[in-house]
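Overview (structure and organization)
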Amino acid sequence: MASSLPIAQSAAAVSGSNLPLRSIPGDYGLPLFGAIKDRLDYFWLQGEEKFYQSRVEKYNSTVFRTNMPPGPPLAKDARVICVLDQKSFPILFDTTKCEKKDVFLGTYMPSLDYTNGYRVLSYLDPSEERHTKLKQWCFDLVKRNGRNFLPDFHTEIEKSMDLWEAALAKGEKADLSQEVQVFAINFLLRSIVHRDPAAPGEFSLGRNAGAFSSAWSNPQLLPIAGATGLPHPVEEVLHTIALPFKSVKEQYDAIFNFIKTYAADELREAAKLGIEKNDAVTNLMFFISFNGYGGFNIFFPQLTGYIAKCGPELMQELHAEVTAAVAATDGKVTPKALENMPLLKSVVYEGFRFRPPVPYQYAKAKTDFVIESHVSSFQVKKGEMLFGYQPYVMHDGRVFEKPDEFLPRRFMGSEGEELIQNVFWSNGRETEDPTVQNKQCAGKDLVVTMSRAYVAEMFLRYKEFTMDVEGSGNALKLFFSGLKRA
Ligand code: HEM
């Protein structure tokens, strides 16, 4: 397939590229079998990192053709052009050249039963009118509730901290992974829906909002998930069947009804923008339970683990920086205090660089065009699917020195600030803003603020911590084995 694609000899000249035009290396193998072989390589025989690394080496190129999971029978067409360096990856952000319709999870899309029959915002292309309305509503609701997030986060994480300390005092484990499932969603619900999810009442979620959200989102992700902790043959079955929505309907209904009942303020604003009520409830649930909680649930534990690995010296520095910054704000974590924590800011960006929480991005070419890696240019044809694995791109040694080391100070100082534009966790450059015309994360600024707030709250209360790790990959569980109070 690859070598049979016609290459326009003048393409590089038309695109203005000075780099030699190379036909995209790699192939898709035999129909059906090629995609299954690549899926087995991806999840079983090689594993994610080796899958990419071995192909980069084999083709001597960071741009190549391959199949991406899940492949058959869930995805009709698994063929992609993989872009794995800092120069080619940003093509995925270019909505003038690429279409982003239904590619949120790649070559496969979960049943609309999971989203009340609606294609929610993450699956919409900016050319669709609903994208404009829903994204604008999302921007507005984040802004309208801007003052709520930091205090609500403080309230929620304090409860988890009390539980960790009580557990440790009893000689039990202090479970970070479990508590993130509570505080990382409860503050979002409090701030946006204006109701404590644990407050008694007909639609109370107790401490289960995160567990219910995970139960609802996991089956949507399982076809493209590896390292689940399950035996490979079982995982392989899960890559080939779509679990029915009815298995998680109860958990879905609990959150849907909570939002429908209590989010009256925001639903009224949606109506003003012409968004129908059920569409609004479904999307608000997706913003909070999938986009927001889903991201924080991955990122907070990861970041905590990286900080712990750096050891007590970094922790003491963070503690000193946070304590000094909040001295001017009544001891509270406020936007102003967060601005005075340069080390902490750099640590958070390094966390996003080291392992971007949403690793996969897809986009379909709307026309023919040429892309460039650091060393070659390549002709892409209209209709071809482009795919980028962000963790690899964030370890591009041509841009980041010692890319495989977690360097807490990487983004400090003027040289460090320059590097921030190369951080892409939000599906866009960190120095650019989400708009209704692009597909960059609508919660970008909120996410950065809350990630900083998380680290700040930790080091306001603790001088140091030590951790235990159980499992690996998506089955990783993190516990505090010691928390030294400030
Ligand atoms: C889109 C990451 C939190 C709302 C995205 C995308 C990424 C991302 C990578 C682009 C997906 C794609 O099209 O390929 C994250 C991460 C988060 C996070 C890592 C937390 C750590 C949030 C929060 C909100 C939010 C808190 C809202 C309150 C959205 C929305 C979109 C989106 C609405 C779709 C944008 C569009 O379709 O134009 N996010 N996100 N996200 N995110 Fe976030």
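The coordinates are above.
Anyway, here's the lowdown on the structure attached to this text. (Residues numbered from 1 in each chain as written. Predicted model: local features only at pLDDT ≥ 70, side-chain atom pairs only at ≥ 80, totals over all residues. Heavy atoms only, no water.)

Looking now at the sheet that holds strand 8 (residues 385–389). Taken in spatial order, the five strands of this open sheet run 1-2-8-5-3, and their pairing is mixed. The sheet terminates laterally at strand 1 (63–67) and strand 3 (98–99), the two strands that pair on one side only. One ladder, built from five bridges, connects strand 1 with strand 2 (residues 79–83); its direction is antiparallel. Residue pairing across strands places T66 opposite V80, the latter belonging to strand 2. (Pairing = 2+ DSSP bridges. Helix = DSSP H or I, 4+ residues; strand = E, 2+ residues; numbered from the N terminus.)

A separate point is the pairing of strand 1. Buried residues dominate strand 1, accounting for five of its five residues. Residues V63, R65 and N67 of strand 1 are buried on one face, and the alternating residues F64 and T66, pointing to the opposite face, are buried as well. (Buried < 20%, exposed > 50% of the residue type's maximum accessible area, 1.4 Å probe, protein only.)

Let's shift gears to the nonpolar core. Counting 123 residues, the largest nonpolar core has W137, W164, I259, I307, L386 and M458 as the members making the most contacts within it. Sort the elements by how many residues they give to this core and helix 11 (residues 277–310) lands first, with 15 residues. If you look at the next biggest cluster of nonpolar residues, it comprises 18 residues, including Y52, V56, Y59 and Y360. (Core = buried A, V, L, I, M, F, W, Y, C linked by side-chain atoms within 4.5 Å.)

With that out of the way, let us pick up the packing of helix 2 (residues 33–45) against helix 3 (residues 48–59). Relative to each other, helix 2 and helix 3 sit at 120 degrees, their axes nearing to 6 Å. Between helix 2 and helix 3, the interaxial angle falls into the category oblique. Residue-level inspection shows K37, D38, D41 and Y42 of helix 2 in contact with helix 3, the latter providing E48, F51, Y52 and R55. Of the residues belonging to the contact of helix 2 with helix 3, the class tally is three nonpolar, no polar and five charged. (Axes fitted to C-alpha atoms, helices over the stretch in contact; angles between N-to-C directions. Parallel < 35°, antiparallel > 145°, perpendicular 65-115°, else oblique. Contact = heavy atoms within 4.5 Å. Nonpolar A, V, L, I, M, F, W, Y, C, P; charged D, E, K, R; others polar.)

It is worth spelling out the side chain of N427 at this point. Note that N427 resides in the loop between helix 16 (413–419) and helix 17 (444–461). The class of N427 is buried, set by a relative accessible area of 11%. If we skip the residues at most four places from it in the chain, N427 touches F93, K100, Q361, K439 and Q440.

Within the protein, a single donor atom binds the iron atom of the ligand, namely C441 (SG) at 2.3 Å. Note on placement: C441 falls in the loop between helix 16 and helix 17. (Donors = N, O, S within 2.8 Å, 3.2 Å for Na, K, Ca; no water.)

Quick look at unusual backbone geometry now. For the peptide bond that leads from P69 to P70, omega is 10 degrees, which places it in the cis range. Inspection of the secondary structure puts P70 in the loop between strand 1 and strand 2. With omega at 0 degrees, the peptide bond leading from P72 into P73 counts as cis. Mapped onto the elements of the fold, P73 is located in the loop between strand 1 and strand 2. The phi dihedral of L32 is positive, around 70 degrees, even though this residue is not glycine. Note that L32 resides in the loop between helix 1 (11–15) and helix 2. A positive phi angle, close to 70 degrees, is found at N427, a residue other than glycine.

To continue, consider the packing of aromatic side chains. Considering all chains together, one arrives at 46 aromatic pairs under this definition. Taken together, a centroid distance of 5.2 Å and an interplanar angle of 85 degrees make the contact between F245 and Y252 edge-to-face. Each member of the pair, F245 as well as Y252, carries the same accessibility label: buried. With a centroid separation of 5.0 Å and 75 degrees between ring planes, the pair formed by Y306 and F354 is classed as edge-to-face. Residue Y306 is found in helix 11, and its partner F354 is found in helix 14 (residues 342–354); the two are separated by 48 residues along the sequence. When its relative accessible area of 15% is taken as the criterion, Y306 is described as buried. In textbook terms, an aromatic cluster arises when at least three aromatic residues are bridged by ring pairs, as seen for F149, F153, W164, F183, F187, F296, F300, Y454, F459, F465 and F480. Positioned over the ring face of F51 is R55, at 3.7 Å from the centre of the ring. (Phe/Tyr/Trp six-rings, centres within 6.5 Å; stacked < 30°, edge-to-face > 60°. Lys NZ or Arg CZ within 6 Å of the ring centre and 35° of its normal.)

Looking now at the site of the ligand. The environment of the ligand is formed by 24 residues, the closest being H131, K135, K439, C441 and V447. L121 is positioned with one of its backbone polar atoms (N or O) 3.3 Å from an oxygen atom of the ligand. One of the backbone N or O atoms of N438 is found 3.4 Å from an oxygen atom in the ligand. Looking at the shell around the ligand, the elements with two or more residues in it are helix 4 (129–144) and helix 11. The element contributing the most residues to the shell around the ligand is helix 11, with five residues. Taken together, the residues of the shell around the ligand sort by class into eleven nonpolar, ten polar and three charged. (Near = heavy atom within 4 Å. Polar contact = N/O pair within 3.5 Å; in protein donor to acceptor, adjacent residues only side chain to side chain.)

What follows deals with helix 10 (residues 264–272). Taken as a whole, helix 10 has its buried residues at E266, L267 and A270. Down the axis of helix 10, the buried side of the element spans an arc of 100 degrees, and every buried residue falls inside it. Of the surrounding secondary structure, the elements contacted by the buried residues of helix 10 are helix 4, helix 6 (176–193), helix 9 (249–262) and helix 11. Looking one or two places after helix 10, you find G274, whose phi comes out positive at around 85 degrees. (Arc of directions from axis to C-beta.)

Let us look at the pattern of salt bridges. Between side chains of opposite charge, a pair can form when the charged atoms approach closely. Counting across every chain of the model gives 36 salt bridges. Among the ionic pairs, R144 bridges to E269, the shortest N-O distance being 3.6 Å. Of this pair, R144 sits in helix 4 while E269 sits in helix 10, placing them 125 residues apart in sequence. For E269, a relative accessible area of 24% gives the class partly exposed. R190 is the salt-bridge partner of D196, the closest N and O atoms lying 3.3 Å from each other. In this structure D196 comes out as partly exposed when scored by relative accessible area, which is 22%. Residues joined in a network through salt bridges with shared partners are E158, D162, E165, R461 and R485. (Salt bridge = Lys/Arg side-chain N within 4 Å of Asp/Glu carboxyl O.)

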